Each structure stands twice: as C-alpha cells, then as structure tokens.
Amino acid sequence: MSGIYIHIPFCKQACHYCDFHFSTNLAKKEALVSALHKELVSRKAVLSGQSVQTIYFGGGTPSVLEVSALEALLETIYGHYDIVAEPEITLEANPDDLSQEYVFALSKGPVNRLSIGVQSFFDEDLTFMNRAHSADEAIQSIRWAKSHFDNISIDLIYGIPGSNLSRWEQNIRKALTFDFPHISSYALTVEPKTALKRFIEKGLVQPPDEAQAEEQFHVLLDSLKQEGYVNYEISNFGRPGFFSKNNTAYWQGKPYLGIGPSAHSFDGKRRSWNVGNNTKYINAIENNEILVETEELSKTDRYNEYVMTGLRTIWGVSLQKVATDFGANFQTYLLRQAEKYVKAQLLFIDRDTLFVTKKGKFLVDGIASDLFLLNLRRNES
C-alpha cells in the first residue's frame with residue numbers, strides 16, 4: 001500500500017510560527033493547479049504496481065481551492081493510479097474557509113476526512129499566532145463540518161507564550177465537547193526564518209517556556225486518555241478505528257508520492273523533494289520537467305529514521321527488526337545507548353520492543369537523537 005500527498009502552497013495570511021512552503025499571493029493558483037495535474041500524470045509510474053490507500057491534501061491551506069478544483073485533482077488521480085475501494089482522503093482546512101456551502105459541496109465528493117486547523121479556541125492565542133480565523137469562526141465551522149463528516153480531526157497548539165494552564169485546560173474541555181474521533185496537538189516551536197523567531201530576537205515576545213509546555217502536554221495526555229483516546233503517536237490521539245491512515249503509513253515507513261512544490265516522496269530507500277518555489281515549479285512542469293532532488297538513504301539513515309518514528313508511536317522499536325534489517329551491531333549499539341534511559345524510566349523494553357514511557361514522551365525527540373548512529377557508516381555492511 002502507498003499514499004499520495006498533494007501540497008497546496010497557498011495561505012490567506014502567514015502564521016507567525018509556520019516554516020512550511022507557502023505563498024500569500026494567490027495570483028498563480030490556477031497555473032499551480034494545472035501543474036499539479038500534469039505532475040500527477042507524469043509521475044504515475046512511481047507507484048506502478050502499488051495500490052494507493054491514502055490521498056492527503058496538505059499545505060499551505062488546501063481549503064483555499066474551490067471544491068471543483070479538488071474534485072478535478074481527485075479525478076486525475078483516479079484516472080491514473082490504482083486506488084483501493086475505500087481510501088482515506090483527507091483535506092486540511094482552515095475554519096475561515098469552511099462555510100456552510102463549502103462543507104456541503106465537499107461532502108458530496110470523494111473527500112471523507114477533514115483536518116481542521118483550529119489551534120486554539122481563544123482569540124488571544126489566535127491573534128498571537130496570526131491565524132486568519134477567530135474562535136467563533138472555529139466553533140461555527142466545526143458545527144457545519146460535523147453535520148456532514150464523521151471523520152474529523154482538529155489541531156491544537158500548546159506552549160503558547162502568554163497562555164497558561166487554565167486556558168489550556170479550557171481548550172481541551174472545549175474540544176472534548178465536540179467528541180472528535182481524532183485530535184492532533186503540537187508544542188509551539190520556534191523555527192528559523194519565521195516571524196516568531198524574529199519577534200523573539202527583537203525582544204517583542206517571550207520565547208516558549210519549555211517547562212510550561214511539558215506541563216500542558218501531560219495534562220493533554222491525561223485528559224484525552226480519560227476520554228478514551230489512544231495516544232498512538234506523540235502528537236496524535238485517536239479513538240479506535242480513527243487513527244490517521246496517512247500519518248500511520250508515514251511512521252511505519254510505507255512509500256508515498258509527493259506532488260507539488262516542496263512536496264517530499266519516499267520509496268523505502270530514497271527520499272526526494274520538489275523545488276520549493278512556486279514559479280520555478282510551474283515553469284518546470286510546463287516544460288515537461290520536474291525539479292527534484294533525491295537522497296539515497298544509507299542503512300544508518302534508515303536505522304535512524306526507524307528509531308525516531310518507532311519511538312514516537314505505540315508500536316515502538318522492534319529489537320528483532322533492528323537486528324534483521326540493519327545488523328546485530330546496530331542492535332547492540334541501540335541497547336547500549338538506551339540503557340541509561342531505561343534506568344531513568346524514560347524508556348522500557350517489553351516483549352523485545354523498545355518503548356518510551358509516559359515520563360519520556362515529551363523528551364522523545366532528544367532521546368531518539370541520542371540513539372542515532374552518526375559516524376559508523378563504515379560498519380554498515
């Protein structure tokens with residue numbers, strides 16, 4: 001099974017924390033969509049012989065496209081790829097785009113899952129992040145979405161400067177009133193070349209407080225567990241039967257094809273990514289070219305990625321898989337590096353699988369990086 005990711009690189013306005021590729025200039029929207037169609041057709045051989053289980057519209061803000069444009073892209077996909085009988089087709093959407101008419105029209109087509117970028121139910125937080133919607137718009141869009149879609153996920157951000165534990169608890173309680181089958185929640189991070197980074201450097205805003213973010217994360221874990229959600233990946237919580245198939249496939253190392261500017265692809269051994277420039281992307285596609293860079297993953301690279309993704313999930317890191325796929329020396333190294341974290345009760349081993357403890361979840365990326373092999377490439381064979 002494989003997946004198709006389509007990057008829609010447009011946003012109405014720039015969120016202060018975002019470092020994804022996007023443009024607030026929508027003038028080239030039609031030309032970009034035309035290029036997406038051409039790239040889908042030209043790269044169909046990449047997934048030849050594979051069935052597509054998931055189709056994901058990400059961004060940017062895919063909901064800036066008209067429903068007819070989304071459906072036309074799906075028609076191209078269905079016309080050139082082998083799609084399973086009941087694929088998961090996700091659209092990332094911002095609340096300000098989800099009018100009653102838009103949601104109704106969308107529900108009549110193939111899209112069967114919405115991922116709504118709420119981020120917060122407080123206007124103070126939304127203003128700080130420069131989101132394009134208000135808290136009231138978020139609530140109204142959710143009501144319209146729930147009247148037509150069963151499979152809905154929302155995004156929430158914690159660790160926002162100026163926020164506090166009480167406000168975060170209210171955010172969680174508000175989300176729970178809607179009984180979503182899936183919630184994704186991320187700590188606010190300061191990325192290079194973002195407005196948030198510049199504001200912090202100029203002393204205009206305080207940087208995120210890591211201790212506060214960790215406290216809010218653990219409140220999130222406890223609150224959602226109590227309501228029956230499974231924390232199947234560090235930032236993702238789903239009710240049984242509603243785990244994101246797209247994201248799960250990514251964490252389990254399944255192949256996917258990325259379409260659009262800056263979109264990444266993976267075939268199991270190689271990663272590739274399209275040029276992250278709308279004009280260059282459109283011009284290349286119009287000239288029957290694809291500006292793409294490719295990286296061949298070494299055994300060490302694949303081991304590192306498996307450790308990173310495995311530790312973040314409920315499936316953990318199989319010690320037997322490490323030995324079988326990468327070699328006994330990798331397993332020995334992993335166990336040696338993990339020992340101090342096991343003693344500190346940040347990791348544990350159960351049935352030949354390495355897992356992160358609840359205590360270690362907030363620190364998992366740092367823990368995983370310490371388990372990486374960085375300079376043993378000569379021992380890969």
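Our structure is the block above this text.
Residues numbered from 1 in each chain as written. Predicted model: local features only at pLDDT ≥ 70, side-chain atom pairs only at ≥ 80, totals over all residues. Heavy atoms only, no water.

**Some details on helix H2 (residues 67-80)**
In this model H2 runs 20 Å from its N-terminal to its C-terminal C-alpha over 14 residues, within 8% of the 20 Å that 1.5 Å per residue would give. Among the residues of H2, those classed as buried are Val67, Ala69, Leu70, Leu73, Leu74, Thr76 and Ile77. Buried residues in H2 make contact with strand E1 (2-8), helix H1 (29-42), strand E2 (51-59), strand E3 (82-93) and helix H3 (100-107). (Helix = DSSP H or I, 4+ residues; strand = E, 2+ residues; numbered from the N terminus. Expected span 1.5 Å × (residues − 1). Buried < 20%, exposed > 50% of the residue type's maximum accessible area, 1.4 Å probe, protein only. Contact = heavy atoms within 4.5 Å.)

**Structural notes on the pattern of salt bridges**
Side-chain pairs of opposite charge can arise whenever the charged atoms involved come near each other. For the structure on display, the rule yields 17 salt bridges. Its salt-bridge partner being Glu66, residue Lys29 comes within 3.3 Å of it at the nearest N-O pair. Taken as a pair, Lys29 in helix H1 and Glu66 in the loop between E2 and H2 lie far apart in primary sequence, 37 residues in all. On the basis of relative accessible area, Lys29 is assigned to the buried category, the value being 15%. Each of Lys12, Asp96 and Asp97 takes part in a single network of salt bridges with overlapping partners. (Salt bridge = Lys/Arg side-chain N within 4 Å of Asp/Glu carboxyl O.)

**Focus: the packing of aromatic side chains**
With the rule as written, the count across this model stands at 15 aromatic pairs. On the numbers, 4.1 Å between centres and 5 degrees between planes, the contact of Tyr232 with Phe243 is stacked. Placement of the pair is Tyr232 in strand E7 (residues 230-233) and Phe243 in the loop between strand E8 (236-238) and helix H9 (245-251), with a sequence separation of 11 residues. Relative accessible area serves as the criterion here: at 0%, Tyr232 is assigned to the buried category. (Phe/Tyr/Trp six-rings, centres within 6.5 Å; stacked < 30°, edge-to-face > 60°.)

**Topic: a nonpolar patch on the surface**
On the surface, a cluster of nonpolar side chains totalling about 210 Å² of accessible area is made up of Leu335, Val342 and Ile349. Mapped onto the secondary structure, Leu335 falls in helix H13 (residues 328-343). Judged by its relative accessible area of 33%, Leu335 is partly exposed. (Patch = residues over 30% accessible without salt bridge, like charges linked within 9 Å, V, L, I, M, F, W, Y side chains within 5 Å. Areas by Shrake-Rupley, 256 points an atom, 1.4 Å probe, with all protein chains shown as cover.)

**Looking at the packing of helix H12 (residues 319-326) against H13**
As a packed pair, H12 and H13 sit with axes 6 Å apart at the nearest point and diverge in direction by 145 degrees. Two secondary-structure elements touch here, H12 through Leu319, Gln320, Val322, Ala323 and Phe326 and H13 through Ala328, Asn329, Phe330, Gln331, Leu334 and Leu335. Residue classes in the contact of H12 with H13 are distributed as eight nonpolar, three polar and no charged. (Axes fitted to C-alpha atoms, helices over the stretch in contact; angles between N-to-C directions. Nonpolar A, V, L, I, M, F, W, Y, C, P; charged D, E, K, R; others polar.)

**Considerations on the state of the cysteines**
On inspection of all chains with the given rule, the structure shows zero disulfides. Not engaged in a disulfide, the cysteine Cys11 finds its nearest cysteine sulfur in Cys18; these two sulfurs lie 6.3 Å apart. Residue Cys11 is classed as buried on the basis of its relative accessible area of 9%. Looking at Cys18, it has no disulfide partner, and the nearest cysteine sulfur is the one in Cys15, 6.1 Å off. (Disulfide = S-S within 2.5 Å.)

**Considerations on the sheet that holds strand E14 (residues 347-350)**
Pairing within the open sheet is antiparallel, and its three strands lie in the order E13-E15-E14. Since the sheet does not close on itself, it has two edges, and those belong to strand E13 (317-318) and E14, each with one partner. The sheet contact formed by E14 and strand E15 (residues 353-356) spans four bridges and is antiparallel. Paired with Ile349 across the bridge in E15 is Leu354. (Pairing = 2+ DSSP bridges.)

Read these as geometric descriptors, not functional statements.
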